[in-house]
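Inside the fold
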Amino acid sequence: MHDASDKDGVRGRGSARSSQASGTPRILSDGASHDTVAKNAPARTLGIVGMVIFTFVSTSAGPFGIEGMVSASGPICTVCFVFLVPLVLVTPIILMLTELAAWMPSNHGSVRWVHRAFGPFAGFVNGIFQCAMNMLDLAVYPVMSTNYICRAFWQDATHWDRVMLQSIVAVAGAIPCMLRIKGVVGFCLATSVIILIPFVVGVAGTLKKADPAAWTGRFTDSPNFATLLSTGLWLYNGFVGNSSVAGEVTGYRVFLWGQLGAVVIDVAMYMLPLLVTLQVEGSWGDAFLVTAFNTTWPGLGKFISLAGAASGYGLYLSSMACYARTLWGAGDMRWVPPVFGRLHGGAPRVAVGFLMLTSIGFGMLGGFSFLVDLEFVIASVIYILFAASFIVLRYRFGHEPRPYIVPGGKITTWLLPAPLIIFMFGMFGSSVVKWQNAVGFLCTTVITAGLYKFLYRPYIDNLARLGITPHHFGGEPGPEDDVSTEGTAVSSTTLQAGLLNANGSPRSSRG
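Basis of the calculations
- Along each chain, numbering runs from 1 in the same order as the chain's sequence is written.
- Under the rules for a predicted model, residues below a pLDDT of 70 receive no local features and side-chain atom pairs below 80 are neither given nor counted, while totals for whole chains, interfaces and linings still include all residues.
- Side-chain metrics rest on all non-hydrogen atoms present in the structure, leaving aside hydrogens and water.
- For helices the rule is a DSSP run of H or I covering at least 4 residues; for strands it is a run of E covering at least 2, with both sets numbered from the N terminus onward.
- For every residue, the accessible area obtained with a 1.4 Å probe (protein chains only) is divided by the maximum for its type, and the residue is called buried under 20%, exposed over 50%, and partly exposed between those limits.
- Two residues qualify as a contact provided that any one of their heavy atoms is within 4.5 Å of a heavy atom in the partner residue.
- The protein chains shown are the only cover counted for residues, whose accessible areas, like all others here, come from Shrake-Rupley with a 1.4 Å probe.
- When two rings of Phe, Tyr or Trp (its six-membered ring) have centres within 6.5 Å they constitute a pair, described as stacked for plane angles under 30 degrees, edge-to-face for angles over 60, and tilted for the intermediate range.
- Orientation is described by lines fitted to C-alpha atoms, with helices fitted over the stretch in contact, and by angles between N-to-C directions that extend from 0 to 180 degrees.
- Angle categories are assigned with fixed cut-offs, so that under 35 degrees is roughly parallel, over 145 is roughly antiparallel, 65 to 115 is roughly perpendicular, and the rest are oblique.
- Crossing handedness: left-handed means the near helix sits turned counterclockwise from the far one by under a right angle, and right-handed means the same turn made clockwise.
- In the scheme used here, Gly and all other residues not listed as nonpolar or charged are polar, with Ala, Val, Leu, Ile, Met, Phe, Trp, Tyr, Cys and Pro taken as nonpolar and Asp, Glu, Lys and Arg as charged.
- Here the expected span of a helix is defined as 1.5 Å times the quantity of residues minus one.

1. Concerning the overall build of the chain
Scanning the chain for helices and strands turns up 18 helices and two strands. The burial tally for the chain puts 58% of its 511 residues in the buried class. Taking the contacts inside the chain whose residues are at least 6 apart along the sequence as the reference set, 80% of them involve residues at least 24 apart. For the chain, the exposed area adds up to about 20,200 Å²; of that, 68% sits on carbon and sulfur atoms.

Here it is, written out as structure tokens:
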């Protein structure tokens, strides 16, 4: 492990200090001047308690969804996977996230890392894929929240009644995201309390009634391991998305331990309600926990439904905070219109408003199951690119000092991302077997590549000819690179064409 001289960076060498002294803007490794980054970056105010709360809500927000694992494979497999997924997949993801976020501490997150590792084309495709996937993913949570509300209090609600409720959830979740991250965390805390209270009461009141024999039983003679794996990952989804708040934590240790602390809470929230309800017979489908707790403690079901509605709201709120920052990063990188790359009051309000409208729009459409299936295909590609970028960045830029390095050298370089890459390739293959998914993914890729070639690339080339430097676009680090006090490499280029030297002077033709 390499620790910095201060908590957020490594001590820079000579040219970084001289650029400070001369007042010349420092050029970071992906082309942004340090001064520009500072002006366009939110304040670092997220401490470890806030990080734990935010991560719990963004990655779990309660045990809802675990019913699918039980129905697909039975209790014993579900219990094992609740523990195995954090060990095999989640912890390596957190370690990779922390190393990269400490090295390049900004809210661009994984879109910046993939761009740095594989270049502008892969960066553009990954950025557009993430923005598209995020729009689809956000639309799911107001639907989830509405389903729990209607299940308990409004069973005869019409389609348009549900659309109204979904819209209310979407607006109520978007408004806090107009605040700085600490304001978002305050709403996450209130949501967590609403989620936790019914389960704490339910588990404490029914623990004596739990039947340990039910924990090792099997509900099916042929477990569906594909569903078990995909659901197991979905239950712990959201950690890679948290890279979009890496620029707002007070230090990389907060980013690391905050997420690891939330994993412990996630496991407890899945395991304890499961152990006290597995003896309840019935079809373990969606929202069966409501029925199970109502069976073990009559009358508790409605409060579990309220917790389910709060869970959907919390997932929407926290995902909106992350996804809006991803869209902000894409706008800052000029992959989408630059208006999305603006901050107002320390928050990406334009991005929040846009994502709120798209989530309401998809909710009005109703059945968009095909788009959700396509989302899984795109998500698998995004995860593969993230994991592969970790390997590439270690080999290509291993000479650059980093505030935090996961111990283990080349062993961890391959060992950490390997499970995620293997699993995601499997998920991608099993998804594109359906011709609809294959065609949808192919069309999405072709359209994205066309946008790059015919819109984005000419736009950037034209700016380069005019001598205009877009924020955050740069060439690869050269021999004269240095390291700033933020632990980010200082590059001699600001565009692929290379416009400036590290001291801000025009660059010679030697490239």
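Read on, since the account is not over.
2. Considerations on the packing of aromatic side chains
Enumeration over the complete set of coordinates arrives at 16 aromatic pairs. With centroids separated by 5.1 Å and ring planes inclined at 80°, the aromatic side chains of Phe-121 and Tyr-452 adopt a geometry described as edge-to-face. With a gap of 331 residues between them, Phe-121 in helix 7 (residues 120-153) and Tyr-452 in helix 18 (residues 435-466) connect regions that are remote in the sequence. For Tyr-452, a relative accessible area of 11% translates into the label buried. Taken together, Phe-64, Tyr-148, Phe-199 and Phe-293 form an aromatic cluster joined through their ring pairs.

3. Remarks on the packing of helix 13 (residues 301-332) against helix 14 (residues 349-365)
Between helix 13 and helix 14, whose axes approach to 9 Å, the crossing angle comes to 120°. Judged by the angle between their axes, helix 13 and helix 14 are oblique. The chirality of how helix 13 crosses helix 14 is right-handed. For the pair helix 13 and helix 14, the contacting residues are Tyr-316, Met-320, Tyr-323, Ala-324, Leu-327 and Trp-328 in the first and Ala-351, Val-352, Phe-354, Leu-355, Met-356 and Ser-359 in the second. In terms of residue class, the contact of helix 13 with helix 14 is built from 11 nonpolar, one polar and no charged.

4. A word on helix 3 (residues 48-59)
For helix 3, built from 12 residues, the straight-helix expectation of 16 Å at 1.5 Å per residue is met to within 8% by its first-to-last C-alpha distance of 16 Å. Across the 12 residues that make up helix 3, a large majority, 10, are buried. What helix 3 keeps buried is the set Gly-50, Met-51, Val-52, Ile-53, Phe-54, Thr-55, Phe-56, Val-57, Ser-58 and Thr-59. Each element contacted by the buried residues of helix 3 is listed here: helix 9 (181-206), helix 10 (225-235), helix 11 (252-277) and helix 13. Ala-61, located one to two residues past helix 3, shows a positive phi value of around 55°.

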